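So the chains spell out like this:
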Amino acid sequence: MTPGAEAPVPRRRGRPSRTTATAGPDARTRILEAARTEFADRGYDKTSVRGIAKAAGVDPALVHHYFGTKDEVFAAAIELSFEPALVIPAILGSDKEGLGERLARYFIAVWENPVSRTPLLAVLRSALTNEAAANVLRGFVLRRLLGRIAEQLDVPDPTFRAELAASHMVGIAMLRYVLRAEPLASAAPEKIIAMVAPTLQRYLTDSSSPSSSPSSSPSTVPDRPDSSSPSSSPGSSPSGD
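All of the points below concern the structure found in this document. As the structure is a computational prediction, the values presented were derived from the model and not from experiment. (Residues numbered from 1 in each chain as written. Predicted model: local features only at pLDDT ≥ 70, side-chain atom pairs only at ≥ 80, totals over all residues. Heavy atoms only, no water.)

1. Overview of empty space enclosed by the protein
Next, step 1: Taken as a whole and judged by the stated rule, the model has three cavities of 30 Å³ or more.
Next, step 2: Its volume calculated, the largest cavity comes out at about 130 Å³.
Next, step 3: Contributing to the lining of the largest cavity are 13 residues, with Phe 82, Phe 107, Leu 137, Val 141 and Val 170 lying nearest its centre.
Next, step 4: Sorting the residues of the lining of the largest cavity by element identifies α6 (99-112), α7 (114-129), α8 (131-151) and α9 (158-178) as the ones contributing at least two each. (1 Å grid on protein atoms, 1.4 Å probe; cavity = no way out; pocket = protein on both sides within 12 Å on 5 of 7 lines; lining within 4 Å. Points joined across faces, edges and corners; volume = space filled by probe spheres on them. Helix = DSSP H or I, 4+ residues; strand = E, 2+ residues; numbered from the N terminus.)

Written out as structure tokens, the structure is:
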């Protein structure tokens, strides 16, 4: 080392240094956008934290710092498409009237937007074949989205109702956007909203409880004749003949 020159600063292990390339207010956003793209292009199984970090131009340690595991990055990528914290107050509104329509309109709008639809298609496909992806999607839809809505409604069985609403909407997404089943795939969004909204409204706001058991109601089927009765036997005659 030449006289007067400063000694090099030793490199520390652990969390990557906060440089403009690896940290700052844009790093988290870059990681999320890269995660959406990676999950959309490669699916859940083939996407890795290292691959997300490479696409975002950051160190893998920074991905773990912001999000933890791959499952948590996956959940954050889903939330980026739905943005529940921003839209749930608008969906709930000031009263129950129109809740079903507002929820249907929001859900269809998310899927109709190509920017949010592409990663969501990958999410849905991954959930069909990968249990970890299914758990993340299930938890997000039921807890972060519909669960929060159901909590604000004074109705019996709110969790069950949220699951019914989720099954209805995920089924539409599967048939319309994944399987491309006709005529649903080509139907106008407004037509779908008009048909689905009343059902969602009933799921989430109907104050009546379902009957406890179908068997609790009286049978309306007439009794069959007793085959052991002499009067029902072929060729039998009244007594005294």
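2. Some words on the side chain of Arg 36
Next, step 1: Tracing the chain through its elements places Arg 36 in helix α1 (residues 25-46).
Next, step 2: Not counting residues within four places of it along the chain, the set of residues in contact with Arg 36 comprises Ala 77, Leu 80, Ser 81, Val 115, Ser 116 and Pro 119. (Contact = heavy atoms within 4.5 Å.)

3. Details of the side chain of Arg 176
Next, step 1: Here Arg 176 is to be found in helix α9.
Next, step 2: The class for Arg 176 is buried, based on a relative accessible area of 4%.
Next, step 3: Engagement of the side chain of Arg 176 in a polar contact is seen with the side chain of Tyr 177, the distance being 3.0 Å. (Buried < 20%, exposed > 50% of the residue type's maximum accessible area, 1.4 Å probe, protein only. Polar contact = N/O pair within 3.5 Å; in protein donor to acceptor, adjacent residues only side chain to side chain.)

4. Some remarks on unusual backbone geometry
Next, step 1: Put simply, Glu 182 and Pro 183 share a cis peptide bond, and its omega is 10°.
Next, step 2: Take Pro 183: it is sitting in the loop between α9 and α10 (189-205).
Next, step 3: Look at Asp 157: it is not a glycine, yet its phi comes out positive at around 50°.
Next, step 4: The partly exposed category is assigned to Asp 157, whose relative accessible area is 40%.
Next, step 5: One non-glycine residue, Arg 180, lies in positive phi territory at about 55°.
Next, step 6: Secondary-structure assignment places Arg 180 in the loop between α9 and α10.
Next, step 7: Owing to a relative accessible area of 48%, Arg 180 belongs among the partly exposed residues under this scheme.

5. Comments concerning the pattern of salt bridges
Next, step 1: Inspection of every chain in the model, using the stated rule, returns five salt bridges.
Next, step 2: Residues Arg 105 and Glu 101 are paired through a salt bridge, measuring 3.1 Å at the closest nitrogen-oxygen approach. Within this pair, Arg 105 and its partner Glu 101 are both found in helix α6, separated by four residues, close to a single helical turn.
Next, step 3: For Arg 105, a relative accessible area of 34% corresponds to the partly exposed category.
Next, step 4: Here Glu 101 falls in the partly exposed class, since its relative accessible area comes to 41%.
Next, step 5: Among the salt bridges present, the one from Arg 176 reaches Glu 112, with a minimum N-O distance of 3.0 Å. With a gap of 64 residues between them, Arg 176 in helix α9 and Glu 112 in helix α6 connect regions that are remote in the sequence.
Next, step 6: The class for Glu 112 is partly exposed, based on a relative accessible area of 29%. (Salt bridge = Lys/Arg side-chain N within 4 Å of Asp/Glu carboxyl O.)

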